[in-house]
Amino acid sequence: MALNLNKNLKLYYSIKEVAEMFGLNESTLRFWETEFPYLKPKTAGPSKVRQYTEKDIEQIKLIHNLVKVRGFKLAAAKKIINSNRDGADRKAEAITRLMAVRDDLQALKRQLDGLQ
């Protein structure tokens, strides 16, 4: 048996965990599932508990970026994703990285301001 070096590796996430990742309501995720046909988490058991994979989370990240971060309406987000999926993915990734850099720079500035 191989040793699992990545202890944080998780195959499935609950709807609650995913909603918390993005600061959304669970109902928003359910609604997005009806609006974006490629966002279909696995359902398990008789109660149909949603199980999100990393791929599903990437889809949600893209939708979240377009709708919540950039302010597009759902129809516009669908159009962007359908017409230029790769471009939308790259832009979402770039924005995520830039936001992380901004946060790091702001933290650094606060530290520098504290030294004066």
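Note that this is a predicted model, so its numbers are computed, not measured.

Draft legend 1. Inspection of the overall build of the chain at higher detail. Within the chain, the secondary structure is distributed over five helices and two strands. In sequence order, the secondary structure elements of the chain are arranged as α-α-β-β-α-α-α. Among the 116 residues that make up the chain, the fraction classed as buried is 26%. A separation of at least 24 residues holds for 54% of the contacts in the chain among residues at least 6 apart in sequence. For the chain, the accessible surface area stands at approximately 8500 Å², while carbon and sulfur atoms represent 56% of it.

Draft legend 2. Structural detail: the nonpolar core. Counting residues in hydrophobic clusters, the biggest one holds 20 residues, and the most contacted among them are Val18, Leu29, Trp32, Phe36, Tyr52, Ile60 and Ile63. Of all the secondary structure elements, the ones that give two or more residues to this core are helix 1 (15-22), helix 2 (26-35), helix 3 (54-69) and helix 4 (74-83). With six residues, helix 3 is the single largest residue contributor to this core. The residues touching Val18, leaving out its near neighbours within four places in the chain, are Tyr13, Leu29, Tyr52, Ile57 and Ile60.

Draft legend 3. Region of the structure containing helix 1. All of the buried residues along helix 1 are Ile15, Val18, Ala19 and Phe22. Projected down its long axis, helix 1 shows its buried positions confined to an angular sector of 100 degrees, all on one face. Buried residues belonging to helix 1 abut helix 2, strand 2 (49-51) and helix 3. Phi turns positive one or two residues past the end of helix 1, at Gly23, with a value near 65 degrees.

Draft legend 4. Quick look at the packing of helix 3 against helix 4. In contact at an axis separation of 9 Å, helix 3 and helix 4 are set at 130 degrees when each is read in the N-to-C sense. By the criterion of interaxial angle, the relationship of helix 3 to helix 4 is oblique. Seen along the crossing, helix 3 lies across helix 4 with a hand that is right-handed. Residues Leu62, Ile63, Leu66 and Val67 of helix 3 touch helix 4, and the partners they reach there are Leu74, Ala77, Ile80 and Ile81. A breakdown of the residues in the contact of helix 3 with helix 4 according to their chemical character gives eight nonpolar, no polar and no charged.

Analysis parameters
- Residues numbered from 1 in each chain as written.
- Predicted model: local features only at pLDDT ≥ 70, side-chain atom pairs only at ≥ 80, totals over all residues.
- Heavy atoms only, no water.
- Helix = DSSP H or I, 4+ residues; strand = E, 2+ residues; numbered from the N terminus.
- Buried < 20%, exposed > 50% of the residue type's maximum accessible area, 1.4 Å probe, protein only.
- Contact = heavy atoms within 4.5 Å.
- Areas by Shrake-Rupley, 256 points an atom, 1.4 Å probe, with all protein chains shown as cover.
- Core = buried A, V, L, I, M, F, W, Y, C linked by side-chain atoms within 4.5 Å.
- Arc of directions from axis to C-beta.
- Axes fitted to C-alpha atoms, helices over the stretch in contact; angles between N-to-C directions.
- Parallel < 35°, antiparallel > 145°, perpendicular 65-115°, else oblique.
- Left-handed = near helix turned anticlockwise from the far one by under 90°.
- Nonpolar A, V, L, I, M, F, W, Y, C, P; charged D, E, K, R; others polar.

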